[in-house]
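Next come the chains, spelled out residue by residue.
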Amino acid sequence: MEETGLYLHYPFCVRKCAYCDFLSAPADEGTRAEYADALKRDLAGRAQELGAMKVRSVYIGGGTPSLMEPEEIISLMQTVHDLAGEWLPQAECTIEANPGTVTPDKAVAWRQAGINRVSMGMQAAQDTLLQTLGRIHRRQDVIDSVRIVRQAGFRNLNLDLMMGLPGQSMEDWQQTLELAFSLEPEHLSCYSLILEEGTPLERQVQSGRMRLPDEELDRAMYAETLLQMQNHGFEQYEISNFAKTGYESRHNLGYWDLSPYLGIGLGASSYIDGRRLKNTSDLNAYLEAEDPSKLFSVEQEASRQNDLEEWMFLGLRRTQGISREAFKAFFGTELQEEYGQQIRELIRDGLLERCGDMIRLTRRGLDLANYVFEAFLR
Ligand code: SF4
């Protein structure tokens, strides 16, 4: 039995944020209830795979899974428990929650359902910036939602934060970090805004009505992040992720290690036996299907070349870097044989360094990570 992660996608939100191009949309109560049923049919269709699985993590992502009714979450997780073959001790089970949709009833139900980690989309501490992003919540909702999940007994909380926002100053970012630290999470994710094509925010920036911080400020915000994380006892374990000791996200570590994962739900991806599969993104087809687990396509057949590129890209995102021994165990060849020249050049340019068995990004490499990753694409 192989250790596997399970991802469950919930594609509904109160309303669409201005920067979002994820598979998510508002929906009425009836549609949401139908979807909760379809998810369980999808799980049942995967009974064989689930039965052969040693679950290392479950991640209920979205969308806004905290919109689900308490009984829907309990029933969904019961189905997972009924079907999964084995659970690793300390399996991590996360739900994504958005401030403004968290209630005491729901948080208690999540605990009952066996969920042991909450990942909350805080994003910023300023109401004006939250408004720019089109988020439904305000600063006070973050504080209230964190209090609710703590009161329900959650001891593992992540907050997602965003930098590089239109109109965001260094002072804004420092205040966002300050508020986040004051809420005492065990884990923090800090991502730079990516302007996705076709989103309302992209149109506003293109038309000149909004301006993004320049590259220099963006880098300075990242440097400030690294400094403040260190000052507050958070260890950086990936370019954008920071945790108190022992609270690194097991689910994400699985993605970065190229471990198998099974994706359930609309548009969810799976990585099984080296193949990448993608479920349908057609909501009506998904809701109407007797067995929605049949509605997937193969995005990518097993390919050594793709695995090599992903291994390098995902491995170098982790601050510990890539183990030469683990590389050999996975691919059967030496890292030097595959990428000797690239590694030598990047070390010469001060972007990579060797540390025992590991090859990892330097501090300068962290700033120029995309340039480094490109060197490993063939
Ligand atoms: S809450 Fe998240 S998934 Fe939903 S619209 Fe906003 S950014 Fe997208």
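The rules behind the values
Residues numbered from 1 in each chain as written. Predicted model: local features only at pLDDT ≥ 70, side-chain atom pairs only at ≥ 80, totals over all residues. Heavy atoms only, no water. Helix = DSSP H or I, 4+ residues; strand = E, 2+ residues; numbered from the N terminus. Rg over C-alpha atoms; globule rule 2.2 N^0.38 Å. Buried < 20%, exposed > 50% of the residue type's maximum accessible area, 1.4 Å probe, protein only. Contact = heavy atoms within 4.5 Å. Lys, Arg positive; Asp, Glu negative; His and termini not counted. Charge placed at Lys NZ, Arg CZ, Asp CG, Glu CD. Near = heavy atom within 4 Å. Nonpolar A, V, L, I, M, F, W, Y, C, P; charged D, E, K, R; others polar. Pairing = 2+ DSSP bridges. Right-handed = clockwise from strand over helix to strand, strands pointing away. Expected span 1.5 Å × (residues − 1). Salt bridge = Lys/Arg side-chain N within 4 Å of Asp/Glu carboxyl O.

### Quick word on the overall build of the protein
Then comes step 1: Counting secondary structure elements, the protein contains 16 helices and 15 strands.
Then comes step 2: The C-alpha atoms of the protein give 21 Å as radius of gyration, which agrees with the globular expectation for 378 residues (21 Å, within 12%).
Then comes step 3: The principal-axis extents of the C-alpha atoms in the protein amount to approximately 60 × 50 × 40 Å.
Then comes step 4: Residue burial in the protein is summarised as follows: out of 378 residues, 53% are buried.
Then comes step 5: Sequence-distant contacts, at least 24 apart, represent 70% of the contacts inside the protein between residues at least 6 apart.
Then comes step 6: The centroid of the 39 positive side-chain charges in the protein is displaced by 3 Å from the centroid of its 58 negative side-chain charges.

### Describing the site of the ligand
Then comes step 1: Taken together, the residues surrounding the ligand are Cys 13, Arg 15, Lys 16, Cys 17, Tyr 19, Cys 20, Phe 22, Ser 24, Gly 63, Thr 64, Asn 98 and Arg 135.
Then comes step 2: Here the shell around the ligand is composed, by residue class, of five nonpolar, four polar and three charged.

### A short note on the pairing of strand β6 (residues 187-192)
The side chains of a regular strand alternate between both faces of the sheet.
Then comes step 1: As paired strands, strand β5 (residues 157-163) and β6 are joined by six bridges and run parallel to one another. The partner of Asn 158 across the bridge, within β6, is His 187.
Then comes step 2: Between the parallel elements β5 and β6, the chain passes through helix α7 (residues 170-182) in a crossover that is right-handed.
Then comes step 3: Of the pairings in the sheet, the one linking β6 to strand β8 (residues 241-243) comprises three bridges and is antiparallel in character. Note that in β8 the partner of Ser 189 across the bridge is Asn 241.

### Details of helix α9 (residues 215-231)
Then comes step 1: Here α9 contains 17 residues, and its C-alpha end-to-end distance of 24 Å stays within 8% of the 24 Å for a straight helix at 1.5 Å per residue.
Then comes step 2: Those residues of α9 not exposed but buried are Met 221, Tyr 222, Glu 224, Thr 225, Leu 226, Gln 228 and Met 229.
Then comes step 3: Of the residues one or two after α9, Gly 233 is the one with positive phi, at around 75°.

### Overview of the sheet that holds strand β13 (residues 322-323)
Then comes step 1: Across the sheet, three strands lie side by side as β13-β15-β14; this open sheet has antiparallel pairing. Both edges of this open sheet fall to β13 and β14 (352-355), since each of them pairs with a single strand only.
Then comes step 2: The sheet contact formed by β14 and strand β15 (residues 358-361) spans four bridges and is antiparallel. Looking at β15, one finds that Leu 352 is bridged to Leu 361.

### Some words on the pattern of salt bridges
Then comes step 1: Overall, the coordinates contain 16 salt bridges when judged by the stated rule.
Then comes step 2: Across the pair Glu 49 and Arg 46 runs a salt bridge whose closest N-O atoms are separated by 3.5 Å.
Then comes step 3: According to the relative accessible area criterion, Glu 49 is partly exposed, its value standing at 34%.
Then comes step 4: Between Lys 294 and Asp 291 there is a salt bridge, with the nearest N and O atoms lying 2.9 Å from each other.

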